[in-house]
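Architecture at a glance
This is what each chain is made of:
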Amino acid sequence: MSAPPAISLRGISKRFGAVQANDAVDLDVAEGTIHGIIGENGAGKSTLVSILSGHYGADAGEIALFGESVKLASSADAIARGIGMVHQHFMLVPNFTVLENLQLGFAKTRLLKAGRKDLLARIAAISSAYGLEVDPFAVVERLPVGLQQRVEIVKALIGGGRILILDEPTGVLTPDETDRLFESLGVLKAKGVTILLITHKLREVMAVTDNVSVMRRGKMVAHRQTAQTNREELAELMVGRAVRPVRNVSPSANGEVVLQVERLSVRDETGAERLREVSFDLRAGEILGVAGVAGNGQSELLAMLAGLMPPAAGTVRIGAREIGAASPSDPAEMRALGLAHVPEDRRREGLVLPFAMRENAVLGYLDEARARRPWMIDRTRMTGRCQALMDTFDVRPANPALRAAGFSGGNQQKLVLAREHGASPRILLVGQPTRGVDVGAIEFIHRQLLALREAGCAIILVSVELDEILALSDRIMAMNGGRIVGIVDAAEADRQSVGLMMAGVAHPLPTGTAEPVYRDEAIL
Amino acid sequence: MAEAWLDLMQILASTLRLSAPLIFCAMAGLFSERAGVVDIGLEGKLLMGAFAAAAAASATGSPWLGLFAAIAAGMALALVHAFACVTHRGDQIVSGVAINILASGLTVVLGIAMFSQGGQTPPLSRPERFGDITLPFTETFADIPYFGPFYAELLSGQNLLVYLAILAVPITGFVLFSTTFGLRLRAVGEAPEAVDSAGYSVAWLRYRAVLIAGLLCGIGGAYLSIAHGGGFVREMSAGRGYIALAALIFGKWKPVPTLFACLLFGVLESTASRLSGVDLPVIGEIPVEVILVAPYVLTVILLAGFFGRAIPPRALSIPYVKER
Amino acid sequence: MTTPLPRWADLLVIPLLNLLLAFLVAGLVVALIGENPWRALTVMLQGAFVYPGSLGYTLYYATNFIFTGLAVAVAFQARLFNIGGEGQAAIGGLGVALVCLALDPYLPVVLVIPLAILAAAIFGAGWAFLPGLLQATRGSHVVITTIMFNFIAAGLLVALLTGALMRPGQSTPQTRNLDALLPKVHEILRAVGIDAAPSPLNVSIVIALLACVGVWLLVWRTPFGFRVRTLGESEPAARYAGVAVPRTVIVVMCISGALAGLMAINEVIGAQGKLVLNYTAGYGFTGIAVALMGRSHPVGIVLASLLFGALYQGGTELSFEFDTIDREMVLVIQGLIILFSGALAFMLERPLARLLTPRARLAHG
């Protein structure tokens, strides 16, 4: 009881321009515990741990580690204090070996050779002590994502690792890999390592943490013992009000087939096969949810259907048009065929951030802005169209002249959706519709997708948020390694069975004994 | 036969001499670009180095002070490049262009102000230059067939900086691939965020890489004006910085292949003068210009991926910004 | 990048401050070599605007820079860095010379001139086509390929001007005098009764200004320009929006090359009346400074071209007036301008934004 907390933060504040990312944040983390920090996108979690890992300096506030007040002016300071950080995006040099990546931070000698043996021994020691096996001579980019993350954990521990911070560690993992990660965390905790887990997934917090702190809009709003709270309370604390998630409850329309994909394969520029013999049908008035861990072919499926990647083999049929390796399509043609696309990466693809909103409103639909002279753009028409889209989809501020970069993630996404919706598509491809979007906008976007479905549009929904897929889909298609593992009716699917399919295990028939479906958790 | 051998040795020796400035510049580019900073300012630093060397050697009478001045000049321009590209995250290509134009203007303006000879420095006398070094035993070996001419023409009789150029390659390789500094430098050109999160300053690593590039270009410049040549003349770098850049790409950002690319381009230059006006069987007379532009044509063909892909460092030309 | 400046600051204050910085450093260089920077500036200004015919010279230089500046700016819109203006202009000159050499003995001047202008554009475009094609289809960076193409163009012109195209019976590397010449502005003025000092300024400047209007319309008012700007801001977004990226890259490079090639008419059938070796004299590179200074906008480019025209003309005056200052001083200024308004573009932006933010916030309410 009397031992000082491993981490103690008092009054931490940090401002980026006009945004107060952290506002007088207090936090105590007891030694040898797993402590969760949850919050929505932009709540300030990442900024807080960036301060704790020395990446940014705080504008104000104090940090104490194991009762000792410290200044963390740089990453080096934090590492020297035994803080190890596992970032959401791995901080590894992809074409270096594991050993070289570790030498990067921990070689103490001028010559690489001199410190090599010593470092190898330390890696081996960490590996055996915590059950984190890694091959030091493997090139990082050739390792599966789960192992790359393990390298990150080893890296974090090798620096002295009394405190381990993990920022959204499960976003890239299969449910199975996630389980293994949590097992490792258990081992680390048992050996006295203090763990700070940053996440927006309540399930994970409930599953592994001892204590949990909730952030909202830069402020720390609550601390709870995990055993004495529940998801509903945490969700409400995170969002600041009661949450009424959107669900797909009406029966499927069973409309006509509008898209037929047969034995479709796609290769990327390097020639690697990203989609392997994928076959499925899509019907009018249904939402087909594509579940999978990032990087298992979903992005390529969207890109191919949008005309951005040519098929290597197989066919896609839309109406009378058959797209194959010999007859590839392009985005302009796909739009003409009645297919609209809300891309996964709205900031890079869906919008041109330095452009005004009115220009973004006609991105991909330049005909909507063409003057009577076809070689000129009619700026009045362009502005009018943007204004109309902004009004119907409640984009704020509703000013077409402002640059897209200045809008919040939710409002940016609303404009993209409005633009694609405005084309009255027969088929809509949607990638990660709620990534980086606040809860209010998530509800709005989900409702719009369901409304489109009611109107008879066929929707393919790709999301790494399994809960989103479970809540909105009529059918769920799980992908692994570029293949379809199985397609199931959403009514018969649950988190466990879909999780197994995402891990590549062919679909076991759903049984009555499976874990209940947490469809009400959709947006969290 | 013996005569052909002697000829060959002479061609190789002249190749070596013409390659030396390319090697310095290409190794310079290797440091900078492996750290993620594009350096099309090699040309300007080379030119500035050449001017500084000749000016200092002429003023002080010492080639060593000339070399020192060249290094200082090269590093000064490198500092400008680093300040623009690393500190202020400016466009690296634009900065390189600026440095090249600046150097081509400054050398002439300063040259006229200092020596009033239309931008040239006065011709340098022997003691003001790095002379050729005759290695011992040249006489002794002279009569040995093949080895004699090889020793006398190629191994011996070069100036100090030629030997230094050859040495620069293994040194570069050693620094980049066997030292911890080199590992971090390469990492900064591939994944700077990894270096940053490991607690090492991306900016300081890039500064050092760019400054080393300035140093090497400076030596290359000194070679042009006070070792190979006997004074500075306007635009004496004559595109060698760009050829070195081509060699660097040709050598796929690796020291030894880059050395060979430099030697290849050196051979082209040395044969160009020998072949001018010579009527070759079958081909006929090759215009000198054709041979002189060969490095550029070869580089374009290489870049088009016809000799296998050259994969640049991943973070090349991308300023490092801590993500939010 | 973080806080965008108000438009007026971005378009006016920043370029002027950069210019001021460049002149300050250049002034330091002048002081370093023992001359009075203020006097040097006065001499330059007089040389550029005051002496008889000097304005004509200034505008004649500016014409070159409008062409090469537009060339760089158009490519910038698609985030392509065309450093090859020098080579494209040289090859454009070759086109002009070939048309004139081949046709001017047989066709009337009024027919040859349009053909020559067309040839300048087509040859320039042709020289940019290959780098564009290689970038679009093979991923080789236009920066490097256009540098290489500059040297190849130079080699080609040396070979031709010392060989097949050399004026018969001479040993200077230049063509014979061409007959199809563009009218000089001072001749036109004299014809309508206005006395003007002779200068090489010719009707190319009208074509240059028309090109400015054309570029403005193309980039900011047509669907093609929209696609080009989309590509320049974000290639993934352009692909997503259905822009045919390879084709657009090639077309933009060709337009850029054509504009650079057009510089040839001002020199070859405007000022000089023949194709001489190295006639491009670095004007292609000056185009980079002009485009940066002019913020890649036609209006800015015209202003920046005037500035550089004045610098070049005033620089010539410098070398008459001072023993110790050569016109290469202009290169120093040019390098500094590229440095400050290009490579160090963000240096002033942030402090200025910080300076202006409180006021900007007030203005927004």
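Figured I'd write up the structure that's included with this text. Since the structure is predicted, the reported quantities are computational estimates derived from the model, not experimental observations.

1. Considering the interface of chain A and chain B
With 25 residues of chain A in contact, the opposing surface of chain B contributes 24 residues. For the pair chain A and chain B, the summed buried surface comes to about 2100 Å²; carbon and sulfur atoms form 58% of the total. Along the contact surface separating chain A from chain B lie one salt bridge. With its nearest N and O atoms 3.4 Å apart, the salt bridge here joins Arg 314 of chain B to Glu 141 of chain A.

2. With respect to the packing of aromatic side chains
Ring pairs (aromatic) are described by centroid distance and by the angle formed between their planes. Evaluation of the coordinates by the stated rule reveals 24 aromatic pairs over all chains. Centroid distance Phe 393 of chain A to Phe 444 of chain A: 5.8 Å. Interplanar angle 75°. Geometry classified as edge-to-face. Note that Phe 393 of chain A is positioned in the loop between α13 (379-392) and α14 (409-422) and Phe 444 of chain A in helix α15 (residues 439-454), a separation of 51 residues in sequence. By relative accessible area, which is 5% here, Phe 393 of chain A ends up buried. Relative to Tyr 61 of chain C, the ring of Tyr 60 of chain C lies with its centre 4.9 Å away and its plane at 40°, an arrangement referred to as tilted. A relative accessible area of 7% means that Tyr 60 of chain C is categorised as buried. Since its relative accessible area comes to 8%, Tyr 61 of chain C is described here as buried. An aromatic cluster of at least three residues, connected via ring pairs, comprises Tyr 57, Tyr 60, Tyr 61, Phe 65, Tyr 283, Phe 308 and Tyr 312 of chain C. Over the aromatic face of Phe 444 of chain A sits the side chain of Lys 414 of chain A, whose NZ or CZ is 4.9 Å from the ring centroid. Residue placement shows Arg 229 of chain C over the ring face of Phe 355 of chain A; its charged tip is 5.2 Å from the ring centre.

3. Re unusual backbone geometry
Residue Pro 397 of chain A is reached from Arg 396 of chain A by a cis peptide bond, and omega for that bond is -5°. Take Pro 397 of chain A: it is sitting in the loop between α13 and α14. In this structure, Arg 89 of chain B takes a positive phi of about 50° despite not being glycine. Its relative accessible area of 26% is what places Arg 89 of chain B among the partly exposed residues. A positive phi angle, close to 60°, is found at Trp 253 of chain B, a residue other than glycine. Here Trp 253 of chain B lies in the loop between α11 (240-250) and α12 (255-275).

4. Re the sheet that holds strand β2 (residues 19-29) of chain A
All names here are of chain A. Judged by pairing direction, the sheet is antiparallel, and its four strands sit side by side in the order β2-β1-β4-β5 without closing on themselves. A strand with exactly one partner marks an edge of an open sheet, and here the two such strands are β2 and β5 (68-70). This sheet shows a mean twist of 25° between the axes of neighbouring strands, independent of strand direction. Relative to strand β4 (residues 60-65), strand β1 (residues 7-16) runs antiparallel, the two sharing five bridges. Across the sheet, the residue bridging to Ile 7 is Leu 65, located in β4.

5. Observations concerning the sheet that holds strand β18 (residues 458-463) of chain A
Residue and element names in this part refer to chain A. Spatial ordering of the open sheet is given by β16-β17-β18-β13-β19-β20, a layout of six strands whose pairing is mixed. Each edge of the open sheet carries a strand with a single partner, namely β16 (339-342) and β20 (483-489). Pairwise comparison of adjacent strand axes, ignoring direction, gives a mean angle of 15° for this sheet. Taken together, the five bridges between strand β13 (residues 287-291) and β18 define a ladder with parallel strand orientation. Bridge pairing in β18 places Ala 291 opposite Ser 463.

6. Digging into the interface of chain B and chain C
Residue-level contacts link 40 residues of chain B with 41 residues of chain C. Taken together, the two surfaces of chain B and chain C that pack against each other cover about 3500 Å², and 81% of this comes from carbon and sulfur. Scanning the region where chain B abuts chain C turns up two salt bridges. Two residues, Glu 328 of chain C and Arg 234 of chain B, come together in a salt bridge whose shortest N-O distance is 3.3 Å. Seen at the junction of chain B and chain C, the total is three residue pairs in polar contact (both at pLDDT 80 or more). Counting only elements with at least two residues in the side of chain B that touches chain C, the list comes to α3 (63-87), α4 (92-115), α11 and α13 (288-303) of chain B.

7. Regarding helix α4 (residues 112-130) of chain A
Residue and element names in this part refer to chain A. The end-to-end C-alpha distance of α4 is 26 Å, a good match for the 27 Å that 19 residues give at a rise of 1.5 Å each. Of all the bends in α4, the largest measures some 30° and sits at Asp 118. Listed in full, the buried residues belonging to α4 are Leu 112, Gly 115, Leu 119, Ile 123, Ile 126, Ser 127 and Tyr 130. Looking one or two residues past α4, Gly 131 carries a phi angle of roughly 70°, positive in sign.

8. Comments concerning a nonpolar patch on the surface
Residues and elements named next belong to chain C. A surface patch of nonpolar side chains, about 720 Å² in accessible area, is lined by Tyr 106, Leu 107, Val 110, Leu 111, Leu 115, Leu 118 and Ile 122. Relative to the helices and strands, Tyr 106 resides in the loop between α4 (85-103) and α5 (109-138). The exposure class of Tyr 106 is exposed, given its relative accessible area of 65%.

9. Things to note about the environment of Val 214 of chain A
Residues and elements named next belong to chain A. Along the chain, Val 214 falls in strand β9 (residues 211-216). When its relative accessible area of 0% is taken as the criterion, Val 214 is described as buried. Here the alpha-carbon distance between Val 214 and Leu 234, two residues 20 residues apart in the chain, equals 7.4 Å. Those residues within four positions of Val 214 in sequence are excluded, and the remaining contacts are Ile 38, Lys 219, Met 220, Val 221, Ala 222, Leu 234, Leu 237 and Met 238.

10. Considerations on the pairing of strand β8 (residues 194-199) of chain A
Residues and elements named next belong to chain A. With six of its six residues buried, β8 lies for the most part within the structure. Burial along β8 is two-sided: the face carrying Thr 194, Leu 196 and Ile 198 and the face carrying Ile 195, Leu 197 and Thr 199 are both buried. Relative to β8, strand β7 (residues 163-167) runs parallel, the two sharing five bridges. Note that in β8 the partner of Ile 165 across the bridge is Leu 196. A crossover links β7 with its parallel partner β8, the connecting element being helix α6 (residues 175-190), and its sense is right-handed.

How each quantity is defined
- Residues numbered from 1 in each chain as written.
- Chains lettered and ligands numbered in written order.
- Predicted model: local features only at pLDDT ≥ 70, side-chain atom pairs only at ≥ 80, totals over all residues.
- Heavy atoms only, no water.
- Contact = heavy atoms within 4.5 Å.
- Buried area = accessible area lost by both parts, 1.4 Å probe.
- Salt bridge = Lys/Arg side-chain N within 4 Å of Asp/Glu carboxyl O.
- Phe/Tyr/Trp six-rings, centres within 6.5 Å; stacked < 30°, edge-to-face > 60°.
- Helix = DSSP H or I, 4+ residues; strand = E, 2+ residues; numbered from the N terminus.
- Buried < 20%, exposed > 50% of the residue type's maximum accessible area, 1.4 Å probe, protein only.
- Lys NZ or Arg CZ within 6 Å of the ring centre and 35° of its normal.
- Pairing = 2+ DSSP bridges.
- Axes fitted to C-alpha atoms, helices over the stretch in contact; angles between N-to-C directions.
- Polar contact = N/O pair within 3.5 Å; in protein donor to acceptor, adjacent residues only side chain to side chain.
- Expected span 1.5 Å × (residues − 1).
- Bend = angle between axes of the 7 residues up to and from the residue.
- Patch = residues over 30% accessible without salt bridge, like charges linked within 9 Å, V, L, I, M, F, W, Y side chains within 5 Å.
- Areas by Shrake-Rupley, 256 points an atom, 1.4 Å probe, with all protein chains shown as cover.
- Right-handed = clockwise from strand over helix to strand, strands pointing away.

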